[in-house]
Amino acid sequence: MVEIRNPLYDSMAVSTQSIHADAHLRVTADISAPISVTTTFDYAKDSVDGYNYGPDQRYTYSRDTTPVVAKTEAALSTLTEGFAVLYGSGLSAALAVLIEHKPKKIALGKCYFGIRNVIQQYQQLVGCVQVVGIDCAFDGVDLVWIESPINPSGEVLDLCGYALRAHAAGALLVVDATLAPPPLSYPFRQGADIVVHSATKYLGGHCDLLAGVVATKSAASVASLHQTRSTLGLGAGSLESWLLLRSLRTLSLRVVQQSRTAARLVALLESHRRAACATACHLPSAAELSLGRRIAAIHHASLQFSSCSGAAQSTCGFDVAKQHPNGFGAVFAVRFASKTQALFVARHLKLHRFATSLGGVESLVDWRHGWDASADPTLLRVSVGLESYDDLANDWKQALLALDTSEAAAAKL
């Protein structure tokens, strides 16, 4: 079978990799890869286990793999700088990691509640699996699972630091990098052993597919992951795989622009919050109070970078910009003084759709407490899309002013 990852493209730019990294698997004259909806394939004429798709590819049954799945995995392998296996969702990808490595003690950081649910299911199936926090000692830990950037805050962790701690304890480091796909971050460079993505989010990028990815540094583990995926039926369908491959073609264009816009919005909202705070040198104007006094806090990796630059860098402990050389991600969080204020703003933003999920071309705002009872009820998660920065900034301005007007009117009653 042909190698899924073609090293010819390893040194090329992400925009080139996204378009050409699967070219060595092309058999037909189609410019856009065929979807291949078939579930089964003709055997080779000379042997049931011979090549039946071009000179060096073999496909038998779609639960194992298909040409479009192979192409998508090839592109993902090059982009992630690993060896990628595609799944039907991010959570099935997470389950595959647990099944593959069979951990008995997991150190788990802040993460998407769905990951916690998958680990709980794994505990129920296997039994005697202990879960501790990532701030605990790693004694006896065999798998460290962290999310960076963190959902929903968009803040990042020191991957090199956790890799050193994990490896010193003999553990593997799993990094969920869903919120910062290539070219925003490359966790293998910081020492990760396994990288997972919910491809539903930025890799898919259009809110029209479900998929997940496990990327490893070891080509040898891919065969085992494929076998488990086939046995449990965890694979992605042909249409979803094709939609993902289509989306990867524009990955760099999308996520870099989304990240830039997010950083500008974060800076704007943080400036509104600060301008509304009275200090010995500053007395807020009425206009400044109207825009910023109800914003309790803004969370995003770009603010970590700002607080860690210059003389204050030692307080951060790691180089955020080096870990994220091409942007800090397009998800950030805004905390308000109350749950009521958060929901008011979510419902009065006009260009940000009030919906769950993230990573699409449309900007979304989500009240995470509605899904996850442990989430802060005053917090909104913002996923920045591809709209104009100026339009999104004006959208926030009108929503914040509407909140100010509404509370001023209520105070008069």
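Predicted, not measured: the structure shown is a model, and the values here were computed from it.

Asks: Quick question: what am I supposed to make of the environment of glycine 204 here?
Replies: Residue placement: glycine 204 occurs in the loop between β6 (194-198) and β7 (212-216). Since its relative accessible area comes to 1%, glycine 204 is described here as buried. Beyond its immediate chain neighbours, meaning those up to four positions away, glycine 204 contacts Ala199, Leu209, Leu244, Arg246, Ser247 and Arg254.

Asks: Could you clarify how one ought to interpret the pairing of strand β1 (residues 83-87) in this entry?
Replies: Within a regular beta strand, the side chains point alternately toward one face of the sheet and then the other, so they alternate between its two faces. Counting buried residues along β1, four of its five residues qualify, which places the element largely inside the surrounding structure. Where β1 lies against β7, five bridges are found, and the strand directions are antiparallel. Following the sheet pairing, leucine 86 is matched in β7 by valine 213.

Asks: Before we go on, may I ask you to explain helix α6 (residues 220-232) in this structure?
Replies: Structural remark: α-helix, 3.6 residues per turn; residues separated by three or four positions point the same way. Every buried residue of α6 is listed here: Ser221, Val222, Leu225, Thr228, Arg229 and Ser230. Looking at the buried side of α6, the elements it contacts are α2 (67-80), β1, α3 (90-101) and β7. Backbone geometry just downstream of α6 places glycine 233 in the positive-phi region, at approximately 65°.

Asks: Can you help me understand the nonpolar core in this one?
Replies: Across soluble globular proteins, nonpolar side chains show a tendency to be buried alongside one another. Ranked by size, the top nonpolar core spans 57 residues in total, and within it Leu244, Phe332, Val334, Phe336, Val345 and Trp396 carry the most contacts. Not counting residues within four places of it along the chain, the set of residues in contact with valine 334 comprises Leu269, Ile295, Ala297, Ile298, Thr378, Leu379, Leu380, Val382 and Trp396.

Asks: Looking at this structure, how should I read the environment of alanine 211?
Replies: Assignment of secondary structure puts alanine 211 in the loop between β6 and β7. Assessed through its relative accessible area of 0%, alanine 211 is described here as buried. Other than its neighbours up to four places away in sequence, alanine 211 contacts Leu86, Tyr87, Gly88, Ser89, Gly90, Ser198, Ala199, Thr200 and Leu244.

Asks: I tried to follow the pattern of salt bridges on my own but got confused; where do I start?
Replies: Scanning all chains against the criterion turns up 14 salt bridges. Put simply, glutamate 81 and arginine 189 hold a salt bridge, and the shortest N to O gap is 2.6 Å. One end of the pair, glutamate 81, is in the loop between α2 and β1; the other, arginine 189, is in the loop between β5 (172-176) and β6, and 108 residues separate them in sequence. Take glutamate 81: its relative accessible area is 29%, and that puts it in the partly exposed class. Arginine 189 gets classed as exposed once you look at its relative accessible area, which sits at 52%. When the shortest N-O distance is used, the salt bridge between aspartate 404 and arginine 293 registers 3.0 Å. In this pair, aspartate 404 sits in helix α14 (residues 389-412) while arginine 293 sits in the loop between α9 (286-292) and β8 (295-299), placing the two residues 111 residues apart along the sequence. Relative accessible area serves as the criterion here: at 11%, aspartate 404 is assigned to the buried category. For arginine 293, a relative accessible area of 46% translates into the label partly exposed.

Scoring rules and cut-offs
- Residues numbered from 1 in each chain as written.
- Predicted model: local features only at pLDDT ≥ 70, side-chain atom pairs only at ≥ 80, totals over all residues.
- Heavy atoms only, no water.
- Helix = DSSP H or I, 4+ residues; strand = E, 2+ residues; numbered from the N terminus.
- Buried < 20%, exposed > 50% of the residue type's maximum accessible area, 1.4 Å probe, protein only.
- Contact = heavy atoms within 4.5 Å.
- Pairing = 2+ DSSP bridges.
- Core = buried A, V, L, I, M, F, W, Y, C linked by side-chain atoms within 4.5 Å.
- Salt bridge = Lys/Arg side-chain N within 4 Å of Asp/Glu carboxyl O.

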